[in-house]
Amino acid sequence: AFTDEQNVHTNEFASRVTYRPCRWFRSSIRYQFRDDDYSTRFEAQDTVKTGTRSHIYTYDVMLQPVHALVTTVSFSRQTAATTTPASLASSANTPTFNADVNTWLLSADYFPTPNVTLTGGLQYSQADNFNDVADTALPLGADFHQLDLTTGLKWSLTETTSVGAEYALYTYNPNENVESGEYTAHELWLEISK
């Protein structure tokens, strides 16, 4: 089908509280609310409206134990619910789709000399929301484990010239009852800027 029209309307609210008792320690709690309304019309069809609401709670800690090392540790929980017109249809009766995701993040930047930077990051996300409603509709749910690992080196040769390299590993392992698409990917970048 051809998509004749699609409109997205988003309302978003965010609030943060930060505690910084000393130079080397900072802690924050953040709340985000997001409401997305989608309106889509396909060729020769009526307009279909879908909505997603999510709440994101994030807690992070930034530590700088020595001048040359900055670390961040973070935990985030996103609760999201998606409703479609199929939830009201007597034939489908598709329930609200919940996709609650937990994410842990650890990152570090280290400056052994003023012109060399070492970076590293580890992000792990996990969801366990499989809801098998195949007897009334479709099996729904976000059910996966995802890992992103990056590490890099940047060397500033002069004020205007730098050389950098970065390696990344990405893995995604879904529940096969929900989706396919398991993968492992390796990426390597080399960057020269002038």
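Above this text you will find the structure in question.
The structure displayed is predicted, hence computed values, not measured ones.

Each value, and the rule that gives it
- All chains use their own residue numbering, which begins from 1 and follows the written sequence.
- Local features in this predicted model are restricted to residues whose pLDDT is 70 or higher, and side-chain atom pairs enter the listing and the counts only when it is 80 or higher, whereas totals over whole chains, interfaces and linings include all residues.
- As a rule here, side-chain values come from all non-hydrogen atoms in the structure, and water together with hydrogens is ignored.
- Only buried Ala, Val, Leu, Ile, Met, Phe, Trp, Tyr and Cys residues count toward a nonpolar core, and they belong to the same one when joined by side-chain atoms within 4.5 Å.
- Relative accessible area decides the class of each residue, using a 1.4 Å probe on protein chains only: under 20% of the type maximum gives buried, over 50% gives exposed, and in between gives partly exposed.
- We call two residues contacting when some pair of their heavy atoms lies within 4.5 Å.
- Exposure above 30% relative accessible area and the absence of a salt bridge qualify a residue for a patch, where like charges join within 9 Å and nonpolar side chains (Val, Leu, Ile, Met, Phe, Trp, Tyr) within 5 Å.
- All accessibility values rest on the Shrake-Rupley procedure with a 1.4 Å probe; residue burial counts only the protein chains present in the view.
- The rule for a salt bridge is simple: a side-chain nitrogen of Lys or Arg has to be within 4 Å of a carboxyl oxygen of Asp or Glu.
- Each helix is a run of DSSP H or I of at least 4 residues and each strand a run of E of at least 2, with the numbering of both proceeding from the N terminus.
- At least two DSSP bridges between two strands are needed for those strands to be called paired.
- For each structure, a 1 Å grid was placed over the protein atoms alone; sets of points admitting a 1.4 Å probe that cannot get out are labelled cavities, open sets with protein on both sides within 12 Å along at least five of seven lines are labelled pockets, and lining residues have an atom within 4 Å of a point.
- Grid points are joined across faces, edges and corners, and a volume is the space filled by probe spheres set on the points.
- Gly is put with the polar residues, along with every residue not named as nonpolar or charged; the nonpolar set is Ala, Val, Leu, Ile, Met, Phe, Trp, Tyr, Cys and Pro, and the charged set is Asp, Glu, Lys and Arg.
- By the criterion applied in these results, polar contacts are pairs of N or O atoms within 3.5 Å in which, for protein atoms, one can donate a hydrogen and the other can accept it, and in which residues neighboring in sequence qualify only through two side-chain atoms.

Novice: Explain the nonpolar core here, please?
Specialist: Across soluble globular proteins, nonpolar side chains have a tendency to be buried as a group. Counting 6 residues, the largest nonpolar core is built from Ala99, Val101, Ala127, Ala142, Phe144 and Tyr172. Tyr172 has contacts with Phe144, His145, Gln146, Glu179, Gly181, Glu182 and Tyr183, leaving out every residue within four places of it along the chain.

Novice: When you look at a nonpolar patch on the surface in this model, what are you seeing that I'm missing?
Specialist: A surface patch of nonpolar side chains, amounting to about 310 Å² of accessible area, comprises Val73, Leu106, Leu122 and Leu149. Mapped onto the elements of the fold, Leu106 is located in strand E6 (residues 101-113).

Novice: Honestly, the pairing of strand E11 (residues 162-174) in this entry has me stumped. Any pointers?
Specialist: Along any regular strand the residues' side chains alternate between the sheet's two faces. Pairing of strand E10 (residues 143-156) with E11, which is carried by 13 bridges, proceeds in the antiparallel orientation. Note that in E11 the partner of Leu147 across the bridge is Thr171. Taken together, the 11 bridges between E11 and strand E12 (residues 183-193) define a ladder with antiparallel strand orientation. Among the inter-strand pairings, Tyr167 is bridged to a residue of E12, identified as Leu188.

Novice: Quick question: what am I supposed to make of the pattern of salt bridges here?
Specialist: Pairing is possible between side chains that carry opposite charge, provided their charged atoms lie close to one another. Taken as a whole, this structure holds 6 salt bridges when the rule is applied. Put simply, Arg41 and Asp4 hold a salt bridge, and the shortest N to O gap is 3.6 Å. In this pair, Arg41 sits in strand E2 (residues 25-42) while Asp4 sits in strand E1 (residues 3-22), placing the two residues 37 residues apart along the sequence. Accessibility expressed as a relative area gives 28% for Arg41, which makes it partly exposed. Measuring nitrogen to oxygen at the nearest pair gives 3.8 Å for the salt bridge that ties Arg77 to Asp100. Taken together, the positions of Arg77 in strand E4 (residues 69-83) and Asp100 in the loop between strand E5 (97-98) and E6 put the pair 23 residues apart, joining distant regions of the chain. Taken together, the shared-partner salt bridges connect Asp4, Glu5 and Arg41 into one network.

Novice: I keep staring at the layout of surface pockets and nothing clicks. Help me out?
Specialist: The calculated volume of the largest pocket comes to roughly 160 Å³. Of all the secondary structure elements, the ones that give two or more residues to the lining of the largest pocket are strand E7 (116-128), E10, E11 and E12. Residues that form the lining of the largest pocket fall into these classes: 4 nonpolar, 4 polar and 3 charged.

Novice: Teacher, can you tell me more about unusual backbone geometry here?
Specialist: Glycine aside, a negative phi is what most residues show, and trans is what most peptide bonds show. The phi dihedral of Ala44 is positive, around 65°, even though this residue is not glycine. Position of Ala44 among the secondary structure elements: in the loop between E2 and strand E3 (47-66). Looking at Ala44, the relative accessible area reads 75%, which means it is exposed.

Novice: What should I look at first to understand the side chain of Thr58 in this one?
Specialist: The residue Thr58 is located in strand E3 in this model. Relative accessible area serves as the criterion here: at 5%, Thr58 is assigned to the buried category. A polar contact of 3.2 Å, which involves the side chain of Thr58, links it to the side chain of Ser76.

Novice: What is the right way to read the environment of Thr83 from this model?
Specialist: Looking at the element boundaries, Thr83 is found in strand E4. Thr83 gets classed as partly exposed once you look at its relative accessible area, which sits at 37%. Residues Thr83 and Lys49 lie 34 residues apart in sequence; the distance between their C-alpha atoms is 9.0 Å. If we ignore the near neighbours within four places in the chain, the residues touching Thr83 are Thr50, Gly51 and Thr96.

Novice: Explanation requested: the pairing of E7 in the structure shown.
Specialist: Pairing geometry for E6 and E7, over 11 bridges, is antiparallel. What sits directly across from Tyr110, in E7, is Leu118. What sits between E6 and E7 in their antiparallel hairpin is a turn of 2 residues. In the sheet, E7 pairs with E10 via 13 bridges, with the strands oriented antiparallel. Of the residues in E10, the one forming a bridge with Ala127 is Phe144.

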